[in-house]
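Here is how the chains run, residue by residue.
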Amino acid sequence: MDNQEPIPDGMWEIGETLYYEEDIDLLLSIQKKPSGIAYVYLEPFLDIEKYYGIIKKLSEAGIYQHMYTNGSLCTRENLQKLGEAGLNELRFNLGAVKCSDKVIENMAIAKEYIPMVGIETPMTPEFYEEFQEKKEKILATGIDFINCAELHFGEDNINNYVGERMYMARRGYISPLWSREITFKLMKQACDENWPVVVHDCSNHTKYSRELNKNSKQGQPFGSTTYVSEFDRFLPHLFLATLEDENFAFIEEAELPENLKLENCLDEIDFLIVDDEDEMYEDFFVEEDEEEEE
C-alpha cells in the first residue's frame with residue numbers, strides 16, 4: 001500500500017494517465033479502442049460501487065474487461081451488478097485467502113452472473129496443500145480456468161524467501177524454483193483426473209512473451225519490451241542456495257572467467273552493498289565475519 005501512489009477521488013488511471021469517467025467518451029472517439037482492460041492493484045471490492053458505471057460504458061464500446069479480487073468482499077448483490085454492467089471475467093486470488101470456504105462459495109455465485117470466472121494465484125507450497133484439501137469443492141463451483149502464476153519476488157516480499165533456491169528469468173523476474181514445479185504438478189493432475197477447467201501456465205517465460213506481443217501491437221520498436229527486474233541492482237547473494245545445492249543439476253556449465261571468480265571480485269561485491277543497513281543484504285557476510293572473529 002505504501003508504494004502505491006494515491007489516485008484522486010473520482011479519477012481512473014488509464015495508460016499511466018489520470019482521467020475522469022466522463023473523459024472515456026472522448027478517449028473512445030479519438031483513440032483506437034484497446035483489445036481489453038484489466039482492473040488491477042489493490043482490492044476493487046473495497047469501493048466496488050464506483051466500478052459499475054465505467055464497466056458499463058466500456059462494455060457498450062465492445063471492450064473486453066477482467067478484474068482481480070481476493071473474493072472476501074464479494075456478495076450476490078455486487079456480483080450481479082458487475083455482471084449486469086458487462087464485466088466479462090473475474091479472477092480470484094484464492095491463495096491470498098487460504099482457499100477460504102466463503103470465497104469458494106463466492107466463485108460459484110460469480111459464475112451465475114459473469115461469463116468467465118477463474119482462479120489466478122501465485123503457486124506456493126501452501127496454496128498447493130490448501131487446494132488439494134478442497135479440490136472437489138473448488139472444481140464444483142463451475143469455474144472456467146486456473147491461472148498458475150509463477151511467483152516472482154519484489155522488494156516487498158524478497159526477505160521472506162532468502163535462503164530458497166532461486167533463479168532469474170531472462171534478466172528479469174526472480175523466482176523460487178519450486179513455483180513452476182507446482183504448476184507442472186497441477187497441470188499433470190488436471191490431465192490425469194480430467195478436470196473440467198483449463199489450466200494455464202502463467203510462467204515468467206509466458207509473461208516475457210506477453211510483453212513482446214503487447215509492445216508489437218502498440219507500435220513499439222522491434223524487440224521492445226517492458227519486462228524488467230523488480231530490483232534496481234543485481235542481488236548475487238539470492239542465488240547462493242541454488243549454487244550450494246549439490247543435487248541441483250545445471251543443463252550446461254562452463255568455467256567461470258577469472259574476473260568473475262569470488263576471490264577476484266570481492267571489491268565489486270562490496271560496491272554493490274551500498275548501505276550496511278539495507279535489509280536486502282542483511283546477514284550477507286555473517287558467516288565470513290564470524291570466521292574472522294574466531
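Residues numbered from 1 in each chain as written. Predicted model: local features only at pLDDT ≥ 70, side-chain atom pairs only at ≥ 80, totals over all residues. Heavy atoms only, no water.

Student: Looking at this structure, how should I read the packing of aromatic side chains?
Tutor: The geometry of an aromatic ring pair comes down to the distance between the two centres and the angle between the two planes. Tallied over the full model, the rule gives eight aromatic pairs. Here the aromatic rings of Trp12 and Tyr51 are separated by 5.0 Å at their centres, their planes lie at 85°, and the arrangement is edge-to-face. Remark: Tyr51 occurs in helix 2 (residues 51-60) and Trp12 occurs in strand 1 (residues 11-14); sequence separation between them is 39 residues. This pair shows no difference in class: Trp12 is buried, exactly as Tyr51 is. Relative to Phe250, the ring of Phe248 lies with its centre 4.8 Å away and its plane at 85°, an arrangement referred to as edge-to-face. Overall, Phe250 belongs to the partly exposed group, its relative accessible area being 38%. (Phe/Tyr/Trp six-rings, centres within 6.5 Å; stacked < 30°, edge-to-face > 60°. Helix = DSSP H or I, 4+ residues; strand = E, 2+ residues; numbered from the N terminus. Buried < 20%, exposed > 50% of the residue type's maximum accessible area, 1.4 Å probe, protein only.)

Student: What am I meant to see in a nonpolar patch on the surface here?
Tutor: Together, Val40, Tyr41 and Leu42 make up a nonpolar patch on the protein surface, roughly 340 Å² of accessible area in all. Mapped onto the elements, Leu42 comes out in the loop between strand 3 (36-39) and helix 2. (Patch = residues over 30% accessible without salt bridge, like charges linked within 9 Å, V, L, I, M, F, W, Y side chains within 5 Å. Areas by Shrake-Rupley, 256 points an atom, 1.4 Å probe, with all protein chains shown as cover. Salt bridge = Lys/Arg side-chain N within 4 Å of Asp/Glu carboxyl O.)

Student: Sorry, what's going on with the environment of Asn215 here?
Tutor: Positionally, Asn215 belongs in helix 8 (residues 204-217). Residues within four places of Asn215 in sequence aside, it is in contact with Gln220, Ser224, Thr225 and Thr226. A distance of 3.3 Å separates a polar side-chain atom of Asn215 from the backbone oxygen of Ser224. (Contact = heavy atoms within 4.5 Å. Polar contact = N/O pair within 3.5 Å; in protein donor to acceptor, adjacent residues only side chain to side chain.)

Student: Explain the nonpolar core to me, please; I cannot follow it from the model alone.
Tutor: In summary, soluble globular proteins display a tendency toward joint burial of nonpolar side chains. Core analysis: the largest hydrophobic core is formed by 58 residues, its most contacted members being Met67 and Leu94. Setting aside chain neighbours within four positions, we find Met67 in contact with Tyr39, Pro44, Phe45, Ile48, Tyr51, Ile55, Leu82, Leu87, Glu89, Leu90 and Arg91. (Core = buried A, V, L, I, M, F, W, Y, C linked by side-chain atoms within 4.5 Å.)

Student: What's the story with the sheet that holds strand 3 in this structure? I'm lost.
Tutor: Paired through their backbone hydrogen bonds, the strands of a sheet run either parallel or antiparallel. If you walk across this open sheet you meet the six strands as 3-4-5-6-7-10, and the pairing is parallel. The sheet is open, and its two edges are formed by strand 3 and strand 10 (198-202), each paired on a single side. Across this sheet, the average inter-strand angle for adjacent strands is 20°, counted without regard to direction. Sheet topology note: the strand 4 (residues 64-69)/strand 5 (residues 89-92) ladder contains four bridges and is parallel. Its bridge partner lying in strand 5, Met67 is registered against Leu90. Sitting on the sheet, helix 4 (residues 101-113) is in contact with strand 5 and strand 6 (116-122), with an inclination near 170° to strand 5. (Pairing = 2+ DSSP bridges. Axes fitted to C-alpha atoms, helices over the stretch in contact; angles between N-to-C directions.)

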